[in-house]
Amino acid sequence: MSKREDGGYTFTPIPEDFPKKHKAPVINIDIADTGKFIMTASNDTTILIWNLKGRVLSTINTNQMSNAHAAVSPCSRFVASCGFTPDVKVWEVCFGKKGDFQEVVRAFELKGHSAAVHFFAFSNDSRRMASVSKDGTWKLWDTDVEYKKQQDPYLLRTGRYEEAGTMTCRLALSPDAQVLALASGTSIHVYNTRKGEREESFEQVHGECITDLSFDITGRFLASCGDRAVRLFHNAPGYRAIVEEMQGLLKRASNESTRQRLQQQLTQAQEALKKLGVLKK
(Lines give C-alpha, C1' and ligand atoms only; values in the text may rest on other atoms or scores of the structure.)
Protein backbone atom coordinates (compact mmCIF):
# COMPACT_ATOMS: atom_id res chain seq x y z
CA MET A 1 0.00 0.00 0.00
CA SER A 2 1.33 3.43 -0.94
CA LYS A 3 0.11 6.89 0.05
CA ARG A 4 -1.05 9.25 -2.68
CA GLU A 5 -0.52 13.01 -2.81
CA ASP A 6 -4.22 13.60 -2.02
CA GLY A 7 -3.85 11.71 1.27
CA GLY A 8 -5.53 8.50 0.11
CA TYR A 9 -3.96 5.09 -0.32
CA THR A 10 -3.34 2.88 -3.33
CA PHE A 11 -3.36 -0.88 -2.77
CA THR A 12 -1.17 -3.14 -4.87
CA PRO A 13 -2.17 -6.82 -4.62
CA ILE A 14 0.59 -9.16 -3.51
CA PRO A 15 0.15 -12.86 -4.33
CA GLU A 16 1.29 -14.02 -0.90
CA ASP A 17 -0.67 -14.94 2.21
CA PHE A 18 0.17 -13.60 5.64
CA PRO A 19 2.18 -16.13 7.66
CA LYS A 20 0.13 -18.54 9.77
CA LYS A 21 0.55 -17.23 13.30
CA HIS A 22 -2.78 -18.16 14.91
CA LYS A 23 -3.05 -21.55 16.60
CA ALA A 24 -6.88 -21.59 16.50
CA PRO A 25 -9.48 -20.64 13.86
CA VAL A 26 -9.63 -16.91 13.05
CA ILE A 27 -13.10 -15.52 13.83
CA ASN A 28 -12.62 -11.79 13.11
CA ILE A 29 -10.52 -9.56 10.90
CA ASP A 30 -10.64 -5.76 10.84
CA ILE A 31 -8.52 -3.02 9.35
CA ALA A 32 -7.97 0.42 10.86
CA ASP A 33 -9.56 3.23 8.86
CA THR A 34 -6.17 4.96 8.93
CA GLY A 35 -4.68 2.03 7.07
CA LYS A 36 -1.97 1.61 9.71
CA PHE A 37 -2.75 -1.88 10.95
CA ILE A 38 -4.87 -5.00 10.65
CA MET A 39 -6.41 -6.87 13.59
CA THR A 40 -7.15 -10.59 13.58
CA ALA A 41 -8.70 -12.58 16.43
CA SER A 42 -8.97 -16.32 16.90
CA ASN A 43 -11.42 -18.26 19.04
CA ASP A 44 -8.85 -18.98 21.74
CA THR A 45 -7.59 -15.86 23.56
CA THR A 46 -5.32 -14.41 20.87
CA ILE A 47 -5.49 -11.11 19.00
CA LEU A 48 -2.74 -10.19 16.55
CA ILE A 49 -1.91 -6.70 15.32
CA TRP A 50 -0.28 -6.72 11.87
CA ASN A 51 1.18 -4.14 9.56
CA LEU A 52 -0.08 -4.25 6.00
CA LYS A 53 2.96 -6.20 4.83
CA GLY A 54 2.11 -9.18 7.02
CA ARG A 55 4.45 -8.59 9.94
CA VAL A 56 3.06 -9.11 13.43
CA LEU A 57 3.44 -5.89 15.43
CA SER A 58 1.95 -7.15 18.68
CA THR A 59 0.22 -10.14 20.25
CA ILE A 60 -2.59 -9.63 22.75
CA ASN A 61 -3.74 -12.28 25.22
CA THR A 62 -7.31 -11.33 26.09
CA ASN A 63 -7.49 -13.68 29.10
CA GLN A 64 -11.18 -14.21 28.33
CA MET A 65 -10.97 -18.03 28.13
CA SER A 66 -12.31 -17.81 24.57
CA ASN A 67 -12.91 -14.89 22.23
CA ALA A 68 -16.41 -14.33 20.87
CA HIS A 69 -15.89 -11.07 18.96
CA ALA A 70 -13.18 -8.47 18.32
CA ALA A 71 -13.11 -5.21 16.38
CA VAL A 72 -11.16 -2.03 15.64
CA SER A 73 -12.83 1.24 16.67
CA PRO A 74 -13.88 3.66 13.89
CA CYS A 75 -11.31 6.17 15.17
CA SER A 76 -8.61 3.50 14.65
CA ARG A 77 -7.15 4.06 18.13
CA PHE A 78 -8.63 1.04 19.85
CA VAL A 79 -9.01 -2.71 19.56
CA ALA A 80 -11.68 -4.39 21.70
CA SER A 81 -12.75 -7.94 22.44
CA CYS A 82 -15.39 -9.88 24.35
CA GLY A 83 -15.78 -13.53 25.19
CA PHE A 84 -16.48 -15.97 27.98
CA THR A 85 -15.84 -13.41 30.75
CA PRO A 86 -18.47 -10.76 31.72
CA ASP A 87 -16.56 -7.77 30.37
CA VAL A 88 -15.37 -6.05 27.19
CA LYS A 89 -11.66 -5.29 27.10
CA VAL A 90 -10.23 -2.37 25.13
CA TRP A 91 -6.61 -1.65 24.17
CA GLU A 92 -5.03 1.36 22.47
CA VAL A 93 -2.75 0.74 19.49
CA CYS A 94 -0.14 3.49 19.74
CA PHE A 95 1.83 5.04 16.89
CA GLY A 96 4.47 7.78 16.92
CA LYS A 97 4.18 11.18 15.25
CA LYS A 98 5.92 9.79 12.19
CA GLY A 99 3.46 6.90 11.94
CA ASP A 100 5.76 4.25 13.37
CA PHE A 101 4.22 1.58 15.59
CA GLN A 102 5.11 1.89 19.28
CA GLU A 103 3.05 -0.39 21.52
CA VAL A 104 -0.35 -1.77 22.50
CA VAL A 105 -1.53 -0.74 25.98
CA ARG A 106 -4.61 -1.61 28.04
CA ALA A 107 -7.05 1.31 27.83
CA PHE A 108 -10.19 0.40 29.78
CA GLU A 109 -12.82 -2.27 30.38
CA LEU A 110 -16.60 -2.30 30.24
CA LYS A 111 -17.59 -3.92 33.53
CA GLY A 112 -21.15 -4.50 34.69
CA HIS A 113 -22.46 -7.66 33.07
CA SER A 114 -22.77 -10.79 35.18
CA ALA A 115 -22.27 -13.38 32.42
CA ALA A 116 -20.40 -13.84 29.13
CA VAL A 117 -20.65 -11.01 26.60
CA HIS A 118 -21.97 -12.08 23.19
CA PHE A 119 -21.18 -8.97 21.19
CA PHE A 120 -20.33 -5.27 21.31
CA ALA A 121 -20.21 -2.32 18.92
CA PHE A 122 -18.85 1.23 18.67
CA SER A 123 -20.66 4.40 17.65
CA ASN A 124 -19.23 6.16 14.60
CA ASP A 125 -17.23 8.64 16.70
CA SER A 126 -16.01 5.89 19.08
CA ARG A 127 -17.37 7.84 22.06
CA ARG A 128 -20.09 5.30 22.79
CA MET A 129 -20.10 1.52 22.96
CA ALA A 130 -22.89 -1.01 23.40
CA SER A 131 -22.73 -4.59 24.63
CA VAL A 132 -25.12 -7.52 25.01
CA SER A 133 -24.62 -10.37 27.45
CA LYS A 134 -25.83 -13.82 28.34
CA ASP A 135 -27.17 -12.24 31.56
CA GLY A 136 -30.15 -11.03 29.47
CA THR A 137 -29.21 -7.35 29.31
CA TRP A 138 -27.74 -4.84 26.88
CA LYS A 139 -25.78 -1.81 28.03
CA LEU A 140 -24.83 1.54 26.53
CA TRP A 141 -21.56 3.12 27.66
CA ASP A 142 -19.91 6.53 27.50
CA THR A 143 -16.31 5.69 26.54
CA ASP A 144 -15.15 9.26 25.97
CA VAL A 145 -12.95 9.11 29.08
CA GLU A 146 -9.41 9.95 30.13
CA TYR A 147 -8.37 6.39 30.77
CA LYS A 148 -4.73 7.41 31.26
CA LYS A 149 -5.95 9.20 34.39
CA GLN A 150 -7.71 5.99 35.53
CA GLN A 151 -11.15 7.29 34.49
CA ASP A 152 -13.57 4.43 33.81
CA PRO A 153 -16.33 4.40 31.18
CA TYR A 154 -19.76 5.55 32.36
CA LEU A 155 -22.79 3.28 32.15
CA LEU A 156 -25.54 5.30 30.45
CA ARG A 157 -28.35 2.77 30.06
CA THR A 158 -29.22 -0.85 30.76
CA GLY A 159 -32.03 -2.61 28.93
CA ARG A 160 -33.54 -6.07 29.16
CA TYR A 161 -33.14 -8.56 26.34
CA GLU A 162 -34.23 -11.94 27.64
CA GLU A 163 -33.41 -13.72 24.38
CA ALA A 164 -29.70 -13.19 25.09
CA GLY A 165 -29.92 -15.58 28.02
CA THR A 166 -30.72 -18.57 25.85
CA MET A 167 -29.12 -17.93 22.46
CA THR A 168 -26.20 -16.17 20.80
CA CYS A 169 -26.87 -12.55 19.80
CA ARG A 170 -25.55 -10.02 17.31
CA LEU A 171 -25.63 -6.29 18.00
CA ALA A 172 -25.48 -3.14 15.87
CA LEU A 173 -25.28 0.44 17.14
CA SER A 174 -26.39 3.32 14.91
CA PRO A 175 -23.66 5.86 14.03
CA ASP A 176 -25.11 8.42 16.47
CA ALA A 177 -25.70 5.77 19.19
CA GLN A 178 -29.42 6.66 19.35
CA VAL A 179 -30.60 3.23 18.20
CA LEU A 180 -29.54 -0.28 19.12
CA ALA A 181 -30.47 -3.34 17.05
CA LEU A 182 -30.23 -6.87 18.45
CA ALA A 183 -30.55 -10.08 16.47
CA SER A 184 -31.09 -13.53 17.92
CA GLY A 185 -32.17 -16.54 15.94
CA THR A 186 -34.16 -15.29 12.95
CA SER A 187 -35.57 -12.09 14.51
CA ILE A 188 -34.43 -8.49 15.04
CA HIS A 189 -35.42 -6.15 17.87
CA VAL A 190 -34.73 -2.40 17.79
CA TYR A 191 -34.34 -0.16 20.86
CA ASN A 192 -34.23 3.56 21.58
CA THR A 193 -31.07 3.92 23.67
CA ARG A 194 -32.17 7.15 25.36
CA LYS A 195 -35.30 5.53 26.79
CA GLY A 196 -34.14 1.92 26.86
CA GLU A 197 -37.41 0.88 25.24
CA ARG A 198 -38.00 -1.68 22.49
CA GLU A 199 -39.55 0.23 19.58
CA GLU A 200 -39.76 -2.30 16.78
CA SER A 201 -39.53 -6.05 16.29
CA PHE A 202 -39.06 -7.91 13.03
CA GLU A 203 -39.96 -11.55 13.60
CA GLN A 204 -38.61 -14.42 11.49
CA VAL A 205 -37.08 -12.16 8.86
CA HIS A 206 -34.70 -14.95 7.83
CA GLY A 207 -35.22 -18.66 7.39
CA GLU A 208 -32.03 -19.44 9.31
CA CYS A 209 -30.08 -17.70 12.09
CA ILE A 210 -29.02 -14.14 11.36
CA THR A 211 -25.26 -14.07 10.83
CA ASP A 212 -24.61 -10.31 10.76
CA LEU A 213 -26.28 -6.97 11.40
CA SER A 214 -25.14 -3.46 10.45
CA PHE A 215 -26.27 0.16 10.11
CA ASP A 216 -25.11 2.22 7.14
CA ILE A 217 -22.86 5.22 7.81
CA THR A 218 -25.80 7.67 7.61
CA GLY A 219 -27.93 5.69 10.06
CA ARG A 220 -30.86 5.61 7.63
CA PHE A 221 -30.82 1.86 7.06
CA LEU A 222 -30.26 -1.37 8.96
CA ALA A 223 -29.10 -4.45 7.04
CA SER A 224 -29.14 -8.09 8.10
CA CYS A 225 -28.01 -11.30 6.47
CA GLY A 226 -28.72 -14.99 6.90
CA ASP A 227 -30.01 -18.00 4.89
CA ARG A 228 -28.23 -16.71 1.73
CA ALA A 229 -30.33 -13.52 1.81
CA VAL A 230 -29.88 -9.87 2.75
CA ARG A 231 -32.69 -7.78 4.25
CA LEU A 232 -32.75 -3.97 4.42
CA PHE A 233 -34.87 -1.99 6.92
CA HIS A 234 -35.61 1.71 7.30
CA ASN A 235 -34.34 3.04 10.62
CA ALA A 236 -37.63 4.63 11.73
CA PRO A 237 -36.60 4.59 15.43
CA GLY A 238 -33.58 6.66 14.44
CA TYR A 239 -35.76 9.34 12.86
CA ARG A 240 -38.04 9.34 15.90
CA ALA A 241 -35.03 9.79 18.16
CA ILE A 242 -33.94 12.81 16.08
CA VAL A 243 -37.44 14.30 16.37
CA GLU A 244 -37.39 13.94 20.16
CA GLU A 245 -33.89 15.37 20.43
CA MET A 246 -34.58 18.37 18.16
CA GLN A 247 -37.84 19.20 19.95
CA GLY A 248 -35.96 19.27 23.26
CA LEU A 249 -33.15 21.40 21.88
CA LEU A 250 -35.61 23.84 20.29
CA LYS A 251 -37.12 24.59 23.68
CA ARG A 252 -33.69 25.59 24.97
CA ALA A 253 -32.37 27.35 21.85
CA SER A 254 -31.26 30.91 22.66
CA ASN A 255 -30.88 32.51 19.23
CA GLU A 256 -32.76 32.50 15.95
CA SER A 257 -30.01 30.97 13.78
CA THR A 258 -29.80 27.96 16.09
CA ARG A 259 -33.57 27.61 16.08
CA GLN A 260 -33.67 27.64 12.30
CA ARG A 261 -30.99 24.96 12.05
CA LEU A 262 -32.74 22.74 14.60
CA GLN A 263 -36.11 23.28 12.96
CA GLN A 264 -34.68 22.23 9.59
CA GLN A 265 -33.33 18.99 11.08
CA LEU A 266 -36.67 18.39 12.83
CA THR A 267 -38.62 18.93 9.63
CA GLN A 268 -36.37 16.59 7.66
CA ALA A 269 -36.82 13.80 10.22
CA GLN A 270 -40.59 14.31 10.32
CA GLU A 271 -40.80 14.21 6.53
CA ALA A 272 -38.81 10.97 6.48
CA LEU A 273 -41.22 9.41 9.01
CA LYS A 274 -44.17 10.65 6.97
CA LYS A 275 -42.83 8.97 3.84
CA LEU A 276 -42.46 5.75 5.79
CA GLY A 277 -46.04 6.11 7.03
CA VAL A 278 -45.03 6.00 10.71
CA LEU A 279 -45.22 9.64 11.76
CA LYS A 280 -46.96 9.95 15.11
CA LYS A 281 -49.28 12.93 15.34
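Since we're looking at a predicted model, the values are computed, not measured.

**Q** Tell me about the side chain of Ser131, and please be specific about residues and values.
**A** By secondary structure assignment, the location of Ser131 is in strand β12 (residues 128-133). Residue classification places Ser131 among the buried positions, given a relative accessible area of 0%. Other than its neighbours up to four places away in sequence, Ser131 contacts Val88, His113, Val117, Phe119, Phe120, Thr137, Trp138, Lys139, Trp141 and Leu171.

**Q** Account for the nonpolar core, naming residues and giving values.
**A** Of all hydrophobic cores here, the largest spans 16 residues; its most connected members are Ala80, Val88, Val90, Phe108, Phe120 and Met129. Every element with two or more residues in this core is listed here: β8 (78-83), β9 (87-95), β10 (101-111) and β11 (117-122). Among the nonpolar cores identified, the runner-up in size contains 15 residues, and Cys169, Leu173, Leu182 and Tyr191 belong to it.

**Q** Just give me the short version of the environment of Gly83, but keep the residues and values in it.
**A** Structurally, Gly83 is set in strand β8. For Gly83, a relative accessible area of 4% puts it in the buried group. Gly83 sits 17 residues away from Ser66 along the chain, and the two C-alpha atoms are 5.5 Å apart. If we ignore the near neighbours within four places in the chain, the residues touching Gly83 are Gln64, Ser66, Asn67, Ala68, Ala116 and Val117.

**Q** With reference to specific residues and values, describe the packing of aromatic side chains.
**A** For the structure shown, the criterion picks out ten aromatic pairs. Judged by centre distance (6.1 Å) and plane angle (20°), the ring pair of Phe37 and Phe95 falls under stacked. Placement of the pair is Phe37 in the loop between β3 (26-31) and β4 (38-42) and Phe95 in strand β9, with a sequence separation of 58 residues. This pair shows no difference in class: Phe37 is buried, exactly as Phe95 is. Geometrically, the ring pair formed by Phe95 and Phe101 is edge-to-face, given 5.7 Å between the ring centres and 75° between the ring planes.

**Q** An account of the pattern of salt bridges is needed here, citing residue identities and associated values.
**A** Where charged atoms from two side chains of opposite charge come close, those side chains can pair. All chains considered together, the criterion is met by twelve salt bridges. We note a salt bridge from Glu109 to Arg106, for which the minimum N-O separation is 2.4 Å. Through salt bridges that share partners, Arg106, Glu109 and Lys111 make up one connected network.

**Q** Explain the packing of helix α1 (residues 236-252) against helix α2 (residues 256-276) to me, using residue names and the numbers behind them.
**A** Closest axis-to-axis distance for the α1/α2 pair is 9 Å, and the angle between their directions is 150°. Accordingly, the angle class assigned to the pair α1 and α2 is roughly antiparallel. As α1 runs across α2, the sense of the crossing is left-handed. Here α1 contributes Ala236, Tyr239, Arg240, Ile242, Val243, Met246, Gln247, Leu249 and Leu250 to the contact with α2, which in turn contributes Arg259, Leu262, Gln263, Gln265, Leu266, Ala269, Gln270, Ala272, Leu273 and Leu276.

**Q** Lay out the sheet that holds strand β5 (residues 46-50) in plain terms, naming residues and giving numbers.
**A** A sheet is described by the order of its strands in space; here four strands give the open sequence β3-β4-β5-β6, paired in antiparallel fashion. Where the open sheet ends on each side, the last strands, each with one partner, are β3 and β6 (56-61). Sheet twist, expressed as the average angle between the axes of neighbouring strands with direction ignored, equals 15°. As defined by bridge partners, β4 adjoins β5 across four bridges and the pair is classed as antiparallel. Counterpart to Ala41 in the pairing with β5 is Ile47.

**Q** Give a description of α2 that names residues and reports values.
**A** Helix length check: α2, at 21 residues, gives a terminal C-alpha distance of 30 Å against a target of 30 Å (1.5 Å per residue), a fit within 8%. Looking only at α2, the buried set comprises Leu262, Leu266, Ala269, Ala272 and Leu273. Along the long axis of α2, the arc covered by the buried residues comes to 120°, so they all point the same way. Away from the buried face of α2 by more than 90 degrees, exposed residues Glu256, Ser257, Gln260, Lys274 and Lys275 are located. Looking at the buried residues of α2, the elements they touch are α1. Count one or two residues on from α2 and you reach Gly277, which has phi positive near 75°.

Parameters at a glance
Residues numbered from 1 in each chain as written. Predicted model: local features only at pLDDT ≥ 70, side-chain atom pairs only at ≥ 80, totals over all residues. Heavy atoms only, no water. Helix = DSSP H or I, 4+ residues; strand = E, 2+ residues; numbered from the N terminus. Buried < 20%, exposed > 50% of the residue type's maximum accessible area, 1.4 Å probe, protein only. Contact = heavy atoms within 4.5 Å. Core = buried A, V, L, I, M, F, W, Y, C linked by side-chain atoms within 4.5 Å. Phe/Tyr/Trp six-rings, centres within 6.5 Å; stacked < 30°, edge-to-face > 60°. Salt bridge = Lys/Arg side-chain N within 4 Å of Asp/Glu carboxyl O. Axes fitted to C-alpha atoms, helices over the stretch in contact; angles between N-to-C directions. Parallel < 35°, antiparallel > 145°, perpendicular 65-115°, else oblique. Left-handed = near helix turned anticlockwise from the far one by under 90°. Pairing = 2+ DSSP bridges. Expected span 1.5 Å × (residues − 1). Arc of directions from axis to C-beta.

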